[in-house]
Amino acid sequence: MSDQRVTVTDETSGKSLELPIIKGTDGEPCLQIKALPSTLGYFTYDPGYTATASCTSKITFIDGGKGILRYRGYPIEQLAENSSFLEVAYLLLEGELPTADEFKDFQQDITYHTMIHERLKSFIGGFHYDAHPMAMMAGVVGSLAAFYHDKMDMENPEHRMLAAKRMIAKMPTIAAACYRHHMGWPTAYPNNSLNYTENFLDMMFSVPTEEYKVSKVAAKAFDLLFILHADHEQNASTSTVRLVGSTGANPYASVAAGISALWGPAHGGANEAVLTMLDEIGDVSRVGKFIDRAKDKNDPFRLMGFGHRVYKNFDPRATLIRKAAYEVLEELGTTDPLLELAMELERIALQDDYFISKKLYPNVDFYSGIIYKALGIPTSMFTVMFAIARTVGWVSQWLEQEEVGTPIGRPRQVYAGAPERDYIPVQSR
Ligand code: ACO
């Protein structure tokens, strides 16, 4: 809290109120409006929370204007270059980079929890083979609450950390099991001699009949993608996890709600939607037509992978993923006409007044799908990849909220329905 104040005056009643200003370490200052309803009798109206900070957090910082993203103070570019996903997970959970011993213990903790209960497999088996994997993920992760509910004391920080680590550890196992159910393959068990991303790829693609060697290129690319997707402050899915968690709900249920929120095409579902869109465009010659559709107010079509609520100049994650997409395709020795198409779409959109004036730039998901596709991940699994990575952010934010003891999240509304009226019996209507 700073000493500065902003005075708000209600010209109708003549009453004034001094609103304190909250300043964080970095970023825009916020007005503390708590006293507004009790003093001036007003709530604030902010659909979509475009101007509202819902919490104080020490985890992730974004400057949308400058294209800055930092986890616990470390620039995303440095973490992408030098760190690993599991080290970033430790950083987000604990607040500091680990020492060598701390990291060894953490790796062991995560490895220890990679297996899933055998009964959970029969739950997965209950889904139809063509169920969307995000629907399966939401259901299966939520069901973990039924497995661990009795043993969980929400007041105990060790229990909370255990739940967080369990989710980070089990998410790849569950994701791979969902994929294999769709393929009709037997479930693969985790191999704890492999690192986090290698293990995930092994569980996804190994088959009992032949040896499977995890590609180093793929594991490295996944590690980068997971780092870049690990957290993004109070986005829709993280806010969902916090809101559900604020009721005291079981953390597995809170994360399942986060998975559901992530699935939407305006959020994490955009990576799948980008590929669907590129397929629909089909050829470079048709890019102009789709740009025109995106600009047409009467057409609901939007350029998927373009625009961001916070980034209004560039998404630093997109810059890193764009570079990685080229590297991966080059290292794999493959070309993908969709990458060429994506490039052309980006080139034309970035020169177009509509996109320039609305500050619409490619976001993190514009290029991630191209990498996932090159690495053999089916389109319907793209958002699941995002969910595996974002689990780290969700549980870190949930832990922080539990430590601080935030009150239940409960927004207000502007009621615009019918005024009070009397009930009319059906025969008189
Ligand atoms: N294509 C065409 N026009 C767009 C696009 C787009 N992708 N995104 C925004 N606009 C236009 C809107 O029509 C609106 O125009 P108007 O002012 O004339 O009405 C203006 O830009 C502002 O759009 P809003 O929806 O109000 O912006 P908001 O900040 O609420 O939405 C969002 C951001 C949801 C990401 C939006 O840009 C979008 O739908 N993008 C496509 C989906 C996508 O890529 N989502 C992934 C986001 S990143 C992530 O979640 C990991």
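Everything that follows concerns the structure shown earlier in this document.
Everything numeric in this text was worked out from a predicted model, so none of it was measured.

Peer 1: Please give an account of helix α13 (residues 287–295) that cites residues and values.
Peer 2: Here α13 has its buried residues at Val-287, Phe-290, Ile-291 and Ala-294. Seen end-on, α13 carries its buried residues on one side only, within an arc spanning 105°. The secondary structure elements touched by the buried residues of α13 are α12 (270–281), α15 (337–351) and α16 (353–357).

Peer 1: So what about the sheet that holds strand β1 (residues 5–9)? Which residues, and what values?
Peer 2: The 3 strands are arranged β1-β2-β3 in an open sheet whose pairing can be described as antiparallel. Two strands lie at the open edges of the sheet, namely β1 and β3 (30–31), each paired on one side alone. The pairing of β1 with strand β2 (residues 16–22) spans 5 bridges and is antiparallel. Bridge pairing in β2 links Thr-9 to Ser-16.

Peer 1: Now, about the site of the ligand: what can you tell me, with residues and values included?
Peer 2: Every one of the 22 residues lining the ligand counts as a neighbour, but Lys-297, Leu-303, Gly-305, Lys-358 and Asn-363 are closest to it. One of the backbone nitrogen or oxygen atoms of Ala-266 is found 3.0 Å away from a nitrogen atom of the ligand. A distance of 2.9 Å is found between a nitrogen atom of the ligand and a side-chain nitrogen or oxygen belonging to Tyr-354. When the free accessible area of the ligand is taken as 910 Å², the share hidden by the protein chains comes to 75%. Tallied by class, residues from the shell around the ligand come to 11 nonpolar, 5 polar and 6 charged.

Peer 1: So what's going on with the pairing of strand β5 (residues 68–71)? Which residues, and what values?
Peer 2: A one-sided burial pattern is seen for β5, the buried positions being Leu-69 and Tyr-71 and the unburied ones Ile-68 and Arg-70. Across 4 bridges, strand β4 (residues 60–63) lies against β5 in antiparallel orientation. Across the sheet, the residue bridging to Asp-63 is Ile-68, located in β5. Linking two consecutive strands that pair antiparallel, namely β4 and β5, is a turn of 4 residues; a positive phi of about 70° is found at Gly-67 within it. Where β5 meets strand β6 (residues 74–75), 2 bridges bridge the pair, whose relative direction is antiparallel. Across the sheet, the residue bridging to Tyr-71 is Tyr-74, located in β6. Linking β5 to β6, which pair antiparallel, is a turn of 2 residues; within it Arg-72 sits at a positive phi near 50°.

Basis of the calculations
Residues numbered from 1 in each chain as written. Predicted model: local features only at pLDDT ≥ 70, side-chain atom pairs only at ≥ 80, totals over all residues. Heavy atoms only, no water. Buried < 20%, exposed > 50% of the residue type's maximum accessible area, 1.4 Å probe, protein only. Helix = DSSP H or I, 4+ residues; strand = E, 2+ residues; numbered from the N terminus. Arc of directions from axis to C-beta. Contact = heavy atoms within 4.5 Å. Pairing = 2+ DSSP bridges. Near = heavy atom within 4 Å. Polar contact = N/O pair within 3.5 Å; in protein donor to acceptor, adjacent residues only side chain to side chain. Areas by Shrake-Rupley, 256 points an atom, 1.4 Å probe, with all protein chains shown as cover. Nonpolar A, V, L, I, M, F, W, Y, C, P; charged D, E, K, R; others polar.

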